[in-house]
Number of protein chains: 2
Amino acid sequence: MQKTSYSAALVIIGNEILSGRTQDRNTSWLAEKLSERGISLREVRIIPDIEEVIVNTVNALRAQETYVFTTGGIGPTHDDITAASIAKAFGVDLELNERALQALIDHYGDPAEVTDARKKMAMIPDGASLIDNPVSGAPGFLIGNVYVMAGVPRIMQGMFDGFVHTLAEGVPIISQSITCSLQESQISEGLASIQGRFADVDIGSYPNFRGGEAGVSIVVRSIDVASVKAAGKEVINLMQSLGVEPSAVTHLD
Amino acid sequence: MQKTSYSAALVIIGNEILSGRTQDRNTSWLAEKLSERGISLREVRIIPDIEEVIVNTVNALRAQETYVFTTGGIGPTHDDITAASIAKAFGVDLELNERALQALIDHYGDPAEVTDARKKMAMIPDGASLIDNPVSGAPGFLIGNVYVMAGVPRIMQGMFDGFVHTLAEGVPIISQSITCSLQESQISEGLASIQGRFADVDIGSYPNFRGGEAGVSIVVRSIDVASVKAAGKEVINLMQSLGVEPSAVTHLD
């Protein structure tokens with residue numbers, strides 16, 4: 001996997017993903033956004049709503065990566081334990097945050113609407129800064145290098161789009177995907193040879209079986225656009241040398 | 001999260017998920033199948049094709065859970081390093097497995113078709129037993145408590161369906177989902193009270209914002225069907241006490 005200067009891990013907190021009830025849609029969205037920013041997503045962990053697991057997972061990953069992003073568990077119900085768990089991970093108190101409370105009052109339009117249940121969403125670890133929620137009021141927060149976001153995709157995306165410009169900007173990874181009707185095993189030797197000649201390029205091979213017919217997509221990735229072009233050209237030559245034209249080649253922008 | 005007697009972790013190996021190119025579809029499918037078998041999926045990790053990461057991840061999880069399932073990285077190309085990494089994790093050699101080789105010959109119909117590239121898919125850790133691949137020939141394998149499967153969903157599913165009857169059978173989790181048009185924060189106190197009275201039930205609350213309207217699904221889960229029924233009835237009563245009829249209630253089978 002290509003290394004950029006900055007790395008990230010994503011922690012998806014929620015029993016509903018582990019039970020199969022809910023299909024995770026946050027990983028692929030965040031992965032693309034981070035890639036555009038030149039930040040490598042190096043690991044994703046999907047974990048249950050259990051305090052000890054959240055604490056251990058976040059503490060392990062925040063020591064390893066530039067950024068940790070979490071999604072899920074910051075709502076008003078009893079099973080929303082992310083904020084309290086993150087406070088524990090950092091060894092700080094969970095406190096009623098006045099700015100978070102004001103954000104809720106602004107959202108609901110009336111202080112009386114901010115019931116005790118809703119006030120739970122203004123309980124934020126001491127020392128954290130808030131992440132705006134443009135959709136449903138209740139903020140996320142940033143503490144250390146850990147960004148705590150909602151799990152609902154639309155809210156998570158709104159939060160991320162609001163702070164992405166504050167993240168470090170690495171060299172974005174350029175990629176090109178080349179698809180053909182060969183089987184993986186027909187081009188594996190040639191591919192390994194190309195990989196051997198391009199140390200700064202990451203060549204991935206992804207088989208598919210659409211309509212029962214075997215095919216393969218080769219993805220060439222690098223921070224260096226010239227290397228992607230050169231390696232991509234060799235992949236196309238390899239396919240042609242085996243008598244097959246690529247059925248799809250993505251453009252480099 | 002409800003505990004059953006048996007637990008599992010899933011390790012998804014593949015740069016294509018971490019780059020955002022491919023949407024993972026294996027987690028939700030496996031989560032449901034494991035749940036039906038009474039095995040709790042306790043953690044999912046999505047990791048890159050890097051030997052050290054695969055070794056460390058698998059070794060950490062196989063010590064913690066009844067079963068570890070891996071998907072991805074067992075094809076014929078240079079980026080398929082799962083079998084070698086698992087061998088390293090167990091401290092055994094990777095060897096040409098005669099039965100795996102025969103499976104490939106049977107699949108391709110001619111020994112001459114099993115090229116050196118394809119023979120890579122018959123390299124299996126010493127001491128592992130094979131997992132049949134009903135789709136594309138190349139087998140997965142089982143070593144210790146680690147089941148190594150293909151990443152392509154259709155192949156992974158075929159492999160899993162072939163060995164699921166050999167897994168330990170726990171008490172399956174029964175669940176009921178109750179949806180209404182209330183906001184989460186309107187029922188959070190009542191829900192916490194119900195949760196407090198049902199120690200053997202796991203009550204999850206999942207907000208949605210379909211068409212801009214807030215709603216919530218409450219999921220009641222337990223290994224005890226009577227407890228699910230009793231807690232579910234209280235959740236319905238709670239919604240009705242707030243003037244709202246549930247818009248959907250799943251049946252218990």
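For the structure itself, consult the block above.
Everything quoted here is computed from the prediction, not taken from an experiment. (Residues numbered from 1 in each chain as written. Chains lettered and ligands numbered in written order. Predicted model: local features only at pLDDT ≥ 70, side-chain atom pairs only at ≥ 80, totals over all residues. Heavy atoms only, no water.)

1. A look at the sheet that holds strand S12 (residues 248–249) of chain A
All names here are of chain A. With antiparallel pairing, four strands are arranged side by side in an open sheet as S10-S11-S9-S12. The sheet terminates laterally at strand S10 (202–208) and S12, the two strands that pair on one side only. Note that strand S9 (residues 174–180) and strand S11 (residues 215–222) share seven bridges and pair antiparallel. Residue pairing in the sheet places Ser 177 in a bridge with Val 219 of S11. (Pairing = 2+ DSSP bridges. Helix = DSSP H or I, 4+ residues; strand = E, 2+ residues; numbered from the N terminus.)

2. Quick word on the pairing of S11(A)
Residue and element names in this part refer to chain A. Burial analysis of S11 places eight of its eight residues in the buried class, which makes it a mostly covered element. Burial along S11 is two-sided: the face carrying Gly 215, Ser 217, Val 219 and Arg 221 and the face carrying Val 216, Ile 218, Val 220 and Ser 222 are both buried. In terms of strand pairing, S10 meets S11 through seven bridges, oriented antiparallel. The residue of S11 that forms the bridge with Asp 202 is Arg 221. (Buried < 20%, exposed > 50% of the residue type's maximum accessible area, 1.4 Å probe, protein only.)

3. So, the nonpolar core
Of all hydrophobic cores here, the largest spans 111 residues; its most connected members are Phe69(A), Phe160(A), Leu167(A), Phe69(B), Phe160(B) and Leu167(B). Ignoring anything within four residues of it in the chain, the contact list for Phe160(B) reads Trp29(B), Leu30(B), Lys33(B), Leu34(B), Phe69(B), Met149(B) and Leu167(B). (Core = buried A, V, L, I, M, F, W, Y, C linked by side-chain atoms within 4.5 Å. Contact = heavy atoms within 4.5 Å.)

4. Considerations on the relation of the copies chain A and chain B
Once chain A has been moved 0.0 Å along the axis and rotated by 180°, it coincides with chain B to within an RMSD of 0.0 Å. Within this description, the copies of the chain are treated as partners about a two-fold rotation axis. Rotation axis and chain A: the residue whose C-alpha lies nearest the axis is Arg45(A), separated from it by 2.2 Å. Both copies present the same face, since 100% of the interface residues in chain A are matched by interface residues at the equivalent positions in chain B. (Least-squares fit on C-alpha atoms with pLDDT ≥ 70 in both.)

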